[in-house]
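# Descriptive structure summary
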Protein chains: 2
Amino acid sequence: MCVACDYTIHRASHNFGWNRDFAPALVAKSGSTIHFECIDSSAGQLGEGSTVQSVVDLDFGKVNPVTGPVYVEGAEPGDALKVTIRKFVPSGIGWTANIPGFGLLADQFTDPAIHVWTYDPQSMAPSLYGPGGRVPLKPFAGTIGVAPAEPGLHSVVPPRRVGGNLDIRDITEGVTLYLPIEVEGALFSIGDTHAAQGDGEVCGTAIESRMDVEATLEVVKGMKLESPRFTTPGPVTRHLDAAGYEVTTGIGPDLMTGAREAVMRMVDLLAADHGMNPVDAYMLCSVCGDLRISEIVDMPNWVVSFYFPRIVFS
Amino acid sequence: MCVACDYTIHRASHNFGWNRDFAPALVAKSGSTIHFECIDSSAGQLGEGSTVQSVVDLDFGKVNPVTGPVYVEGAEPGDALKVTIRKFVPSGIGWTANIPGFGLLADQFTDPAIHVWTYDPQSMAPSLYGPGGRVPLKPFAGTIGVAPAEPGLHSVVPPRRVGGNLDIRDITEGVTLYLPIEVEGALFSIGDTHAAQGDGEVCGTAIESRMDVEATLEVVKGMKLESPRFTTPGPVTRHLDAAGYEVTTGIGPDLMTGAREAVMRMVDLLAADHGMNPVDAYMLCSVCGDLRISEIVDMPNWVVSFYFPRIVFS
């Protein structure tokens, strides 16, 4: 399928979690381009035909599989791994769920909920959200990283300085990402592919969607990077900003409280303006709305803003 | 100067702080369009010819003056004030300072510093930053709000649910802002005009620049708004996103620590790539770089990202 790829890693080669002692699925030269088959973050537990009961039955021991790991020759601790995202091959099917106990407003949205999405994987046209609206799509891999130095199995849920479950919605096609390497060979893995997500991923899930990814892995010797960084070749939000934004705010001395307030206000606004159930508004916020820190210096109160793109209802 | 304005409030009509007992500078009908002459956030203490010593000598009792207040007829607690930003009339001169004790990295940047900007107030073309780069401009008012219900004088520094020093860089021309009203007449004031600022205003100052503002004030009865919100009529970052972004990250269980780390890493990167002094890089970050919350749900670690627009060095 990939004409320029040096290798393919099949979806069977996946792990749940990070471990420096996982056997490599592939040993590759620095500079190799690899086709990764990624499964969705439920490892196939959720998808077409799923219901609220499927969310209840979700086995948390089997979430967020990552395809890999790739042992990159010459990679040593203190180096960085330069990952160039070449291409996504989306599947056309996805899901968004409110999973009890998980998400920014988990205390308020205690019941399971799910929305199943279908989209055109060729055109990637904005996708219909059943309860209302049409969401612009831009695929990326939510989880992308290398193995931590500390031995043993590490949960895939939290991101770390070596990357992992970063859920940065702008690590899309054409982006160059640098990851700090902590173990020999780097042991790169990727997964948790999303068709769309807003900054924050506020309900805890995006448009979770199985897709393949092509990426080039290259060792940068002695870069001594402290935390992940990346470069985007162009604008990051032009697929959704044309009609402007509705923006709500949370103001106070704690960023987390401010973020929660800004999102609550947007859920209220969408529910009132579009007659949506609050949980549907909350899941919609997660797939396309953005949390930004407007000011973090006017002591003692900071402003966190939540930006919802108006194009969704245009 | 304003052909469609009903009133003008001269720059002499300003206050330092908020107080429900300040005498109105103007009593206006709901729906009035008003021309506000605003002075810069140093109240003229900093500007053309200022030096580091001017920052040292800054009188903090005389910062962030706001022009007003306007008593809007019919406004009562529980209503909202709809503020439509019509136009800015920029002065062409501005300053950015590192003020000791103030700013996200105040512990690291303890020495005063200042950069004085000049720009073309007609074309608003990107403005040269002496230490390197050219910053796209987009004016807005950093401080915009109404009087709090609680009697007495309130510092102008922290923003509140009634607005104030929000420093939201997207409250620009064409935007409609809604503010919760807590006192009869609302008592609206505005000031702290900026020629440009990034999300976060990380060093504590923007391109602080005297300019006039035209705005329409309208009472929305019984809106029962919890916190400020606004609507932008179109995209908010197209003046600076064309060349993409350099992005650094801070990952961990505390959003403030993550924000600090992301900004530190960007200061390091700009200093290394462009041979800048760290404090110059820090001030540059404040006027055009953006703090975003990439994910706030992958327990226990959140990702805060700092986006620096590459067009500044294109």
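What you are looking at is a predicted structure, and each value in this text was computed from that prediction instead of being measured.

About the cut-offs
- Residues numbered from 1 in each chain as written.
- Chains lettered and ligands numbered in written order.
- Predicted model: local features only at pLDDT ≥ 70, side-chain atom pairs only at ≥ 80, totals over all residues.
- Heavy atoms only, no water.
- Core = buried A, V, L, I, M, F, W, Y, C linked by side-chain atoms within 4.5 Å.
- Buried < 20%, exposed > 50% of the residue type's maximum accessible area, 1.4 Å probe, protein only.
- Contact = heavy atoms within 4.5 Å.
- Least-squares fit on C-alpha atoms with pLDDT ≥ 70 in both.
- Helix = DSSP H or I, 4+ residues; strand = E, 2+ residues; numbered from the N terminus.
- Pairing = 2+ DSSP bridges.
- Phe/Tyr/Trp six-rings, centres within 6.5 Å; stacked < 30°, edge-to-face > 60°.
- Lys NZ or Arg CZ within 6 Å of the ring centre and 35° of its normal.
- Domains from an automatic or database assignment.
- Buried area = accessible area lost by both parts, 1.4 Å probe.
- Salt bridge = Lys/Arg side-chain N within 4 Å of Asp/Glu carboxyl O.
- Polar contact = N/O pair within 3.5 Å; in protein donor to acceptor, adjacent residues only side chain to side chain.
- Nonpolar A, V, L, I, M, F, W, Y, C, P; charged D, E, K, R; others polar.
- Axes fitted to C-alpha atoms, helices over the stretch in contact; angles between N-to-C directions.
- Parallel < 35°, antiparallel > 145°, perpendicular 65-115°, else oblique.
- Left-handed = near helix turned anticlockwise from the far one by under 90°.
- Expected span 1.5 Å × (residues − 1).

## Things to note about the nonpolar core
- Residues Phe188(A) and Phe188(B) are the most contacted members of the largest nonpolar core, which totals 163 residues.
- In contact with Phe188(B), not counting residues within four places along its chain, are Phe36(B), Thr67(B), Gly68(B), Pro69(B), Val70(B), Leu81(B), Val83(B), Ile144(B), Gly145(B), Val146(B), Leu179(B) and Leu217(B).

## Considerations on the relation of the copies chain A and chain B
- Least-squares fitting of chain A to chain B yields an RMSD of 0.0 Å, with the transformation described by 0.0 Å of translation along the axis and a rotation of 180°. The relationship between the two copies is best expressed as a two-fold rotation axis. Across chain A, the smallest distance between a C-alpha and the rotation axis is recorded for Arg292(A), namely 2.2 Å.
- A shared interface surface links the copies, since 100% of the contact residues of chain A are contact residues in chain B too.

## A word on the pairing of strand 18 (residues 290–295) of chain B
All names here are of chain B.
- Burial within strand 18 is extensive, with 6 of its 6 residues counted as buried.
- Bridge count for strand 18 against strand 19 (residues 302–309) is 5 bridges, and the pairing is antiparallel. Note that in strand 19 the partner of Leu291 across the bridge is Phe306.
- Counted between consecutive antiparallel strands, the loop separating strand 18 from strand 19 contains 6 residues.

## Some details on the packing of aromatic side chains
- With the rule as written, the count across this model stands at 12 aromatic pairs over all chains.
- Clustering of aromatic rings is evident, with ring pairs tying together Phe230(A), Tyr245(B) and Tyr307(B).
- Above the ring of Tyr307(A), the side-chain terminus of Arg292(A) is found at 4.3 Å from the ring centroid.

## Details of unusual backbone geometry
- Residues Met299(A) and Pro300(A) are joined by a peptide bond in cis, for which omega reads -5°.
- Take Pro300(A): it is sitting in the loop between strand 18 (290–295) and strand 19 (302–309).
- The backbone of Asp192(B) shows a phi angle near 60°, a positive value even though the residue is not glycine.
- Inspection of the secondary structure assignment puts Asp192(B) in strand 14 (residues 186–194).

## Some words on the domain arrangement of chain A
Residues and elements named next belong to chain A.
- Split into domains, chain A comes out as domain 1 (7–231) and domain 2 (238–313).
- Computed over C-alpha atoms, the centres of domain 1 and domain 2 are 24 Å apart.
- In this assembly, 36 residues from domain 1 lie in contact with 26 residues from domain 2.
- Where domain 1 abuts domain 2, roughly 2400 Å² becomes buried across the two surfaces, and 68% of that area is made up of carbon and sulfur atoms.
- At the junction of domain 1 with domain 2, the criterion picks out 2 salt bridges.
- Remark: the boundary between domain 1 and domain 2 carries 17 residue pairs in polar contact (both at pLDDT 80 or more).
- Within the side of domain 1 that touches domain 2, the residues separate by chemical class into 18 nonpolar, 12 polar and 6 charged.

## Side note on the packing of helix 2 (residues 255–274) of chain B against helix 3 (residues 278–288) of chain B
Residues and elements named next belong to chain B.
- Between helix 2 and helix 3, the shortest axis-to-axis distance is 9 Å and the interhelical angle comes to 120°. Accordingly, the angle class assigned to the pair helix 2 and helix 3 is oblique. Handedness of the helix 2/helix 3 crossing: right-handed. Between helix 2, through Val263, Met266, Val267, Leu270 and Ala271, and helix 3, the contact on the second element is made entirely by Pro278, Ala281, Tyr282 and Cys285.
- When the residues that make up the contact of helix 2 with helix 3 are grouped by side-chain class, the tally is 9 nonpolar, no polar and no charged.

## Some points on helix 2 (residues 255–274) of chain A
Residues and elements named next belong to chain A.
- Between the first and last C-alpha of helix 2 there are 28 Å, a value that for 20 residues agrees with the 28 Å anticipated at 1.5 Å per step.
- Residue Asp254 occupies the N-cap position of helix 2, its side-chain oxygen lying 3.3 Å from the main-chain nitrogen of Met256.
- Gly275 sits one or two positions beyond helix 2 and adopts a positive phi of about 60°.

## Some thoughts on the side chain of Thr84(A)
- Looking at the element boundaries, Thr84(A) is found in strand 6 (residues 80–90).
- Ignoring anything within four residues of it in the chain, the contact list for Thr84(A) reads Val175(A), Thr176(A), Glu214(A), Ala215(A) and Thr216(A).

## Regarding helix 3 of chain B
Residues and elements named next belong to chain B.
- With 9 of 11 residues buried, helix 3 lies mostly within the body of the structure.
- Looking only at helix 3, the buried set comprises Asp280, Ala281, Tyr282, Met283, Leu284, Cys285, Ser286, Val287 and Cys288.
- Summarising the contacts, the buried residues of helix 3 are in contact with strand 7 (93–98), strand 8 (113–118), strand 10 (134–135), helix 2, strand 18 and strand 19.

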